[in-house]
Amino acid sequence: QVQLVESGGGLVQAGGSLKLSCAASGSVAKYNPMAWYRQAPGKERELVAYITIGGRTKYEESVRGRFVISTDSAKTTVYLQMNSLQAEDTAIYYCNVGILRITTYVPTENWGRGTQITVSS
């Protein structure tokens, strides 16, 4: 079981930026795609972005152009740079290790505990 620990959450004003980090217990990103999900109050958890082993990325439409997912060179940490934050981005953000079926990211049960992002308008 991979251990994932998210950090970097907090309160930010609309238009501001935050960078989330997800530290994995090993170089898991060398062997698996990884993703950021979020869950807002009263809503289902949704995929925000994922990154493949080769560094290819894909984003949910509402964050495309504002968020950037990346990994460190050791493939032990996954980041989510969030810019131009909006109130609608308020949610708990979770890191996940997954698999790819063609271009579809499929989450596994390897989740972090999440980090809260609150955007004030």
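Everything here concerns the structure above.
Computed from a prediction, not measured in an experiment: that's the story for all the values here.

## A look at the pattern of salt bridges
Here comes step 1: Under the definition given, this model contains four salt bridges.
Here comes step 2: Among the ionic pairs, Arg38 bridges to Glu46, the shortest N-O distance being 2.7 Å.
Here comes step 3: What makes Arg38 buried here is its relative accessible area of 5%.
Here comes step 4: In this structure, Asp89 and Arg66 form a salt bridge, with 2.8 Å as the shortest nitrogen-oxygen distance. Placement of the pair is Asp89 in the loop between β8 (77-82) and β9 (91-101) and Arg66 in the loop between β6 (57-59) and β7 (67-71), with a sequence separation of 23 residues.

## Notes on the sheet that holds β8
Here comes step 1: An order of β1-β3-β8-β7 is seen for the four strands of this open sheet, with the pairing classed as antiparallel. Two strands bound the open sheet, and with one partner strand each, they are β1 (4-7) and β7. Pairs of neighbouring strands in the sheet enclose a mean axial angle of 15 degrees, with direction left out of account.
Here comes step 2: Sheet topology note: the strand β3 (residues 18-24)/β8 ladder contains six bridges and is antiparallel. By the bridge assignment, Lys19 is partnered in β8 with Gln81.

Definitions and limits used
Residues numbered from 1 in each chain as written. Predicted model: local features only at pLDDT ≥ 70, side-chain atom pairs only at ≥ 80, totals over all residues. Heavy atoms only, no water. Salt bridge = Lys/Arg side-chain N within 4 Å of Asp/Glu carboxyl O. Buried < 20%, exposed > 50% of the residue type's maximum accessible area, 1.4 Å probe, protein only. Helix = DSSP H or I, 4+ residues; strand = E, 2+ residues; numbered from the N terminus. Pairing = 2+ DSSP bridges. Axes fitted to C-alpha atoms, helices over the stretch in contact; angles between N-to-C directions.

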